[in-house]
Structures are given as structure tokens and as C-alpha cells.
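# Examining the three-dimensional arrangement
Each chain is listed here by its residues.
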Amino acid sequence: MGTPAQDAAAEPPRFEFEGDEALRAPITEALRRVVDPEVALSIVDVGLVYRVRVDGEGAHVLMTMTSAACPVTDVIVEDVQNELDRVLPAALPLEVEITFDPPWTAERMSQSARRFMRW
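Computed from a predicted model, the values in this text were never measured in an experiment. (Residues numbered from 1 in each chain as written. Predicted model: local features only at pLDDT ≥ 70, side-chain atom pairs only at ≥ 80, totals over all residues. Heavy atoms only, no water.)

## Considering the packing of helix H2 (residues 21-32) against helix H4 (residues 73-87)
Interhelical geometry of H2 versus H4 gives an angle of 150 degrees and a closest axis separation of 9 Å. Here H2 is positioned roughly antiparallel relative to H4, judged by the angle of their axes. Relative to H4, the crossing made by H2 is right-handed. Along its contact with H2, which presents Leu23, Pro26, Ile27, Ala30 and Leu31, the element H4 presents Val80, Glu83, Leu84 and Val87. When grouped by side-chain class, the residues that make up the contact of H2 with H4 number eight nonpolar, no polar and one charged. (Axes fitted to C-alpha atoms, helices over the stretch in contact; angles between N-to-C directions. Helix = DSSP H or I, 4+ residues; strand = E, 2+ residues; numbered from the N terminus. Parallel < 35°, antiparallel > 145°, perpendicular 65-115°, else oblique. Left-handed = near helix turned anticlockwise from the far one by under 90°. Contact = heavy atoms within 4.5 Å. Nonpolar A, V, L, I, M, F, W, Y, C, P; charged D, E, K, R; others polar.)

Here is the structure:
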């Protein structure tokens, strides 16, 4: 067993991906670099990302927060935008959409995140 980050990287992400398969790994790694500061875990491992779609129109990330009252939503969204700007083609528009339907539940967390949180 490695570090929580190594364990998490070994698990497949729990979000839908639509688009060029060559972008799947760089996008996933970029999203894994975004940390939810309230729990000190990647947003992928916490299960905040629902779907990533990349097509000729742009890139769209559908994600949630653990609570509608999350005080760090703006920070997380900005971090997502910054990390994805590093790996997406420069001219590709990027939209990050927050939804609460369906609401986040702890069942969305990766196994390594659950172990880290002792859940």
C-alpha cells in the first residue's frame, strides 16, 4: 500500500468522460491535482466530478460540492480551470458547471479516500 495519492491514482476515476481518448489521462491527472482544501483530498477522489465532455465546441466539466454551502467553491472551480488550461488545447473554451442534482454522497468517494477519512 502506498501513499493516499498513490493509492488513489491506481483507482479509475469515478466520472464519465466523453471525448478524445488521448485527452482522458491528461485531464484526469489535471483534476487529480485539484485538492478540496476542507478534506485535503483530490476532487476526483472525493467524487466531486460527475462528467467531463470535450468536443469541437469546447470542454465542459460537470461537478458538485459536498454541500451547497461549501465555502471554497470558487477556489475549487478556479483551480479546476487553471489545471485544465494547462492540458487542453489553447483555443478550446472551458466551462465548469456546478450542480447539486444529484447531490453528493460519500458513496462517490474512492476507496482510498474512504480509508484516508476512516469511513
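Here the narrative resumes.
## A closer look at the sheet that holds strand E5 (residues 58-63)
In space, the four strands of this open sheet follow the order E1-E4-E5-E6, with mixed pairing throughout. Two strands close off the open sheet at either side, each with one partner strand: strand E1 (16-18) and strand E6 (94-98). Mean inter-strand twist for the sheet, computed between neighbouring axes without regard to direction, equals 10 degrees. Here E5 pairs with E6 via five bridges, running parallel. Paired with Val61 across the bridge in E6 is Val96. Against the sheet, H2 makes contact with E1 and strand E4 (49-55), and its axis sits at roughly 140 degrees relative to E4, the strand it touches most. Strands E5 and E6 of the sheet are contacted by H4, whose axis makes an angle of about 150 degrees with E6. (Pairing = 2+ DSSP bridges.)

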